[in-house]
Amino acid sequence: MPNPARDALIARLPKAELHLHIEGSLEPEMLFAFAARNRVVIPFASADAVRAAYDFSNLQDFLDIYYQGMAVLLTEQDFYDLTWAYLERAAADNVRHVEIFFDPQGHTDRGVAFGTVLNGIERALLDGEAQLRISYRLIMCFLRHLSEERAMATLAEATPYIGRIHGVGLDSSEIGHPPSKFATVFAKAGELGLHLTAHAGEEGPPEYVREALDLLRVERIDHGNRALEDPALVTRLVDEEITLTVCPLSNVRLCVIDDIAASPVRMMLDLGIKVTINADDPAYFGGYVNDNFRAVAHALGLSAAQIVALAENSFAGSFLSDADKAQHIAAVREAAA
Ligand code: HPA
Ligand code: ZN
């Protein structure tokens with residue numbers, strides 16, 4: 001049932017977005033604009049033709065197109081424009097804090113310098129902080145379909161910039177690339193004082209979630225859907241207050257779930273898991289963060305209290321200081337009242 005009061009609550013709640021791949025916010029119109037200005041040939045006639053190609057049957061299907069799309073990102077200005085467009089869209093959804101992922105290996109392997117990528121993204125984030133009042137953390141992901149040696153080389157490449165990067169993550173093709181493959185590079189990133197997170201349990205088994213916790217020592221889990229298959233793991237997630245960054249529309253589009261009504265968000269809330277709502281790759285999956293909130297709230301009949309809990313969890317599970325978390329959570333409660 002449409003519920004205008006619930007939609008209005010979603011719109012006005014302050015929120016943090018914790019699972020957002022900046023390259024996944026490349027809208028088809030931007031893809032065309034960057035291709036034209038950089039003289040990169042893309043195999044599509046129009047933005048509509050691009051959207052029609054976004055019909056995925058699994059994660060790998062999507063990743064093949066996602067890496068292709070990155071080919072138009074070449075200059076610092078491209079990374080600036082991409083990030084700024086996302087921030088403006090996030091501001092419209094009342095996002096007050098973002099923790100965004102970027103995939104350096106998707107760019108350095110094409111000959112784009114690490115500094116070009118970082119400078120462009122960071123300049124937009126700093127402008128977002130000043131002009132939109134959106135704070136940020138920046139998380140560098142390792143591509144798990146590549147070797148740990150390559151991840152190690154990427155961490156070494158990032159070391160001169162390390163004060164400008166807040167965490168590391170792990171993304172790309174999950175099955176066959178367990179967290180255990182990256183134990184050494186995550187240990188090294190931890191020694192550098194970086195926050196740690198990893199995609200696990202999107203397509204991979206509950207064991208990958210355990211490995212991420214035990215071997216990578218991550219602070220939160222990106223996705224984590226399949227953790228629900230393992231009751232002992234659920235108990236652990238609850239006891240240790242591990243935040244899961246769930247992405248409902250992504251789950252539908254990548255066939256992780258059959259339809260939005262099968263989203264695990266309500267079950268996770270009921271179990272006492274610290275679940276959050278995120279867009280993942282909004283340009284590819286048909287919605288930004290409030291679209292995700294509305295989709296699950298509608299399909300699962302979430303109560304106002306549950307929607308507020310999701311917004312609170314987004315700040316509680318962030319890498320902000322305790323004082324900043326408390327301030328944001330107070331603002332959520334004020335907006336909810
Ligand atoms: N899963 C794994 N890797 C990714 C994703 C995702 O949802 N989005 C971008 N890279
Ligand atoms: Zn993701």
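Refer to the structure above for everything that follows.
The paragraphs below set out a description of the structure included in this document. Please read all numbers here as calculations on a predicted model, not as lab measurements. (Residues numbered from 1 in each chain as written. Chains lettered and ligands numbered in written order. Predicted model: local features only at pLDDT ≥ 70, side-chain atom pairs only at ≥ 80, totals over all residues. Heavy atoms only, no water.)

### Points about the packing of aromatic side chains
If you walk through the whole model with that rule in mind, you get 13 aromatic pairs. Ring geometry for Phe62 against Tyr284: centres 5.3 Å apart, planes inclined by 75 degrees, an arrangement best described as edge-to-face. One end of the pair, Phe62, is in helix α4 (residues 59–69); the other, Tyr284, is in helix α14 (residues 282–285), with 222 residues separating them in the sequence. Since its relative accessible area comes to 1%, Tyr284 is described here as buried. Here the guanidinium or amino end of Lys15 rests over the ring plane of Phe293, the centre of that ring lying 5.8 Å away. One Lys or Arg, Arg220, reaches over the ring of Phe319 and ends 3.9 Å from the middle of that ring. (Phe/Tyr/Trp six-rings, centres within 6.5 Å; stacked < 30°, edge-to-face > 60°. Helix = DSSP H or I, 4+ residues; strand = E, 2+ residues; numbered from the N terminus. Buried < 20%, exposed > 50% of the residue type's maximum accessible area, 1.4 Å probe, protein only. Lys NZ or Arg CZ within 6 Å of the ring centre and 35° of its normal.)

### Observations concerning helix α15 (residues 289–300)
Here α15 spans 16 Å end to end across 12 residues, near enough to the 16 Å set by a 1.5 Å rise per residue. The set of residues buried in α15 consists of Val289, Asn290, Asn292, Phe293, Ala295, Val296, Ala297 and Leu300. Immediately beyond the C-terminal end of α15, within one or two residues, lies Gly301, with a positive phi of roughly 60 degrees. (Expected span 1.5 Å × (residues − 1).)

### Topic: the state of the cysteines
A disulfide bridge is the covalent bond that connects two cysteines by way of their sulfur atoms. By the definition in use, this model includes 0 disulfides. Here Cys247 is not disulfide-linked; the sulfur of Cys141 is the nearest cysteine sulfur, at 12 Å. Its sulfur unpaired, Cys255 is 15 Å from the next cysteine sulfur, which belongs to Cys247. For Cys255, a relative accessible area of 45% translates into the label partly exposed. (Disulfide = S-S within 2.5 Å.)

### Description of the coordination of the zinc ion (ligand 2)
Summarising the metal site, the zinc ion (ligand 2) is bound by the protein donors His19 (NE2), His21 (NE2), His199 (NE2) and Asp280 (OD), whose distances to it range over 2.0 to 2.3 Å. Classification of the site at the zinc ion (ligand 2) rests on its 4 donor atoms, whose angles at the metal span 82 to 175 degrees, yielding the label irregular. In primary-sequence terms, the residues that donate to the zinc ion (ligand 2) follow H-x1-H-x177-H-x80-D. Separated by 178 residues along the polypeptide, His21 in strand β1 (residues 15–21) and His199 in strand β5 (residues 195–200) bring together distant segments of the chain. The pair formed by His21 and His199 is uniform in burial state, with each residue classed as buried. (Donors = N, O, S within 2.8 Å, 3.2 Å for Na, K, Ca; no water. Tetrahedral: all angles 85-135°; square planar, octahedral: opposite > 155°, others 65-115°.)

### Considerations on the site of ligand 1
Around ligand 1, the neighbouring residues are His21, Leu59, Phe62, Leu63, Tyr66, Asp171, Ser172, His199, Glu202, His223, Asp280 and Asp281. Ser172 places a polar main-chain atom, nitrogen or oxygen, 2.8 Å from a nitrogen atom of ligand 1. Taking Asp280, its side chain carries an N or O atom lying 2.7 Å from an oxygen atom of ligand 1. Protein burial of ligand 1: of its 260 Å² of free accessible surface, 100% is covered by the chains. Broken down by element, the residue count for the shell around ligand 1 peaks at 4 residues, all from α4. For the shell around ligand 1, the residue count by class is 4 nonpolar, 4 polar and 4 charged. (Near = heavy atom within 4 Å. Polar contact = N/O pair within 3.5 Å; in protein donor to acceptor, adjacent residues only side chain to side chain. Areas by Shrake-Rupley, 256 points an atom, 1.4 Å probe, with all protein chains shown as cover. Nonpolar A, V, L, I, M, F, W, Y, C, P; charged D, E, K, R; others polar.)

### Remarks on unusual backbone geometry
In this structure, Arg133 is a non-glycine residue whose phi angle is positive, near 60 degrees. Position of Arg133 among the secondary structure elements: in the loop between α7 (114–132) and β3 (135–143). Positive phi values are uncommon outside glycine, yet Ser172 reaches one of about 80 degrees. For Ser172, the location among the structural elements is in the loop between β4 (167–171) and α9 (183–191). Judged by its relative accessible area of 7%, Ser172 falls in the buried class.

### Overview of the sheet that holds β5
Strand order in the open sheet formed by 8 strands is β1-β2-β3-β4-β5-β6-β7-β8, and the pairing between neighbours is parallel. Single-partner strands in this sheet number two, and they are β1 and β8 (274–277). Adjacent strand axes in the sheet meet at a mean angle of 25 degrees when their direction is disregarded. Where α7 meets the sheet, it contacts β2 (95–102) and β3, and its direction lies at approximately 155 degrees from that of β3. (Pairing = 2+ DSSP bridges. Axes fitted to C-alpha atoms, helices over the stretch in contact; angles between N-to-C directions. Contact = heavy atoms within 4.5 Å.)

### A word on helix α1 (residues 4–12)
Among the residues of α1, those classed as buried are Arg6, Leu9 and Ile10. One side of α1 carries all its buried residues, which in axial view fall inside an arc of 100 degrees. In α1, the exposed positions that point more than 90 degrees away from the buried face belong to Pro4 and Ala5. Where α1 is buried, its residues meet β1, α15, α16 (304–316) and α17 (322–336). (Arc of directions from axis to C-beta.)

### Remarks on the environment of Arg236
Locating Arg236 in the fold gives a position in helix α11 (residues 231–239). C-alpha separation for the pair Arg236 and Tyr80, spaced 156 residues apart in sequence, amounts to 40 Å.

### Things to note about the pairing of strand β7 (residues 243–246)
Every second residue of β7 is oriented toward a common face, with Thr243 and Thr245 on one face and Leu244 and Val246 on the other, all of them buried. Pairing between strand β6 (residues 220–223) and β7: 3 bridges, direction parallel. Bridge assignment links Ile221 to a residue of β7, and that residue is Leu244. As paired strands, β7 and β8 are joined by 4 bridges and run parallel to one another. Residue pairing in the sheet places Thr245 in a bridge with Thr276 of β8.

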